[in-house]
Amino acid sequence: MTRGSLRVGITTMATEPPDRFRALVQFTEESGFDELWVCDSSLHARDVYASLALVATGSRRLRFGPNCTVAGPAGLWIERLTDVVARGIRHLNILLLSADKLSMVKDLGEKVLPDLRAL
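Criteria and thresholds
- Residues numbered from 1 in each chain as written.
- Predicted model: local features only at pLDDT ≥ 70, side-chain atom pairs only at ≥ 80, totals over all residues.
- Heavy atoms only, no water.
- Axes fitted to C-alpha atoms, helices over the stretch in contact; angles between N-to-C directions.
- Helix = DSSP H or I, 4+ residues; strand = E, 2+ residues; numbered from the N terminus.
- Parallel < 35°, antiparallel > 145°, perpendicular 65-115°, else oblique.
- Left-handed = near helix turned anticlockwise from the far one by under 90°.
- Contact = heavy atoms within 4.5 Å.
- Core = buried A, V, L, I, M, F, W, Y, C linked by side-chain atoms within 4.5 Å.
- Buried < 20%, exposed > 50% of the residue type's maximum accessible area, 1.4 Å probe, protein only.
- Polar contact = N/O pair within 3.5 Å; in protein donor to acceptor, adjacent residues only side chain to side chain.
- Pairing = 2+ DSSP bridges.

Digging into the packing of helix 1 (residues 18-30) against helix 2 (residues 48-58)
Stage number 1. The geometry of helix 1 relative to helix 2 is characterised by a closest axis approach of 10 Å and an angle of 50° between their N-to-C directions. Overall, the two elements helix 1 and helix 2 adopt an arrangement that is oblique. Along this stretch, helix 1 crosses helix 2, giving a crossing that reads as right-handed. Facing Pro18, Phe21, Arg22, Val25, Gln26 and Glu29 of helix 1, the residues of helix 2 in contact are Ser51, Leu54, Val55 and Gly58.

Here's what the structure looks like:
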């Protein structure tokens, strides 16, 4: 679905069992999408890196990555420690033998800041 320099993709949460998630990967690629992003949520979905491994092994051309990883030192509003994120990405790179398809987005993700009036 690339239109000039514009790539078109979808974002999903890995809430389905692995066989159904693999089917989603195949459907996404067969439908002509360029990218598949998997939300990184330890509360609402399955492990993002296991899901991304299914994308890596189940697609030929999809670019993919976690969306959005909340990484940093241990503390308030941090979902994953930086070394855990780095290890997950390293394993995906080894699986792919190339980082050409793997992308990263780092952001505040789904965290809600507290109401400062309550402090």
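So, the nonpolar core
Stage number 1. Counting 16 residues, the largest nonpolar core has Phe21, Val25, Val38, Tyr49, Leu52 and Val55 as its most contacted members.
Stage number 2. Where this core is concerned, the elements lending two or more residues are helix 1, strand 2 (35-39), helix 2 and helix 3 (82-96).
Stage number 3. Sort the elements by how many residues they give to this core and helix 2 lands first, with 6 residues.
Stage number 4. Once you skip the residues sitting within four places of it in the chain, Phe21 turns out to touch Thr12, Ala14, Glu16, Val38, Ser51, Leu54 and Val55.

Regarding the side chain of Ser59
Stage number 1. Within the secondary structure, Ser59 sits in the loop between helix 2 and strand 3 (63-67).
Stage number 2. One polar contact links the side chain of Ser59 to the main-chain carbonyl oxygen of Val55, over a distance of 2.8 Å.

Focus on helix 2
Stage number 1. Inspection of helix 2 places Val48, Tyr49, Ser51, Leu52, Leu54, Val55 and Ala56 among the buried residues, and these make up the whole buried set.
Stage number 2. The backbone nitrogen of Tyr49 has a side-chain oxygen 3.1 Å away, supplied by the residue at the start of helix 2, namely Asp47.

Overview of the sheet that holds strand 3
Stage number 1. Read across the sheet, 3 strands follow the order 1-2-3 without closing on themselves; strand pairing throughout is parallel. The open sheet has two free edges, formed respectively by strand 1 (9-12) and strand 3, since each of these has just one partner strand. Sheet twist, expressed as the mean angle between neighbouring strand axes with direction ignored, is 20°.
Stage number 2. Where strand 1 meets strand 2, 4 bridges bridge the pair, whose relative direction is parallel. Each residue of the ladder has a partner; that of Thr11, found in strand 2, is Trp37.
Stage number 3. In this fold helix 2 packs onto strand 2 and strand 3, with an angle of close to 170° to the strand it touches most, strand 3.

Any functional reading would require information that these geometric values do not contain.
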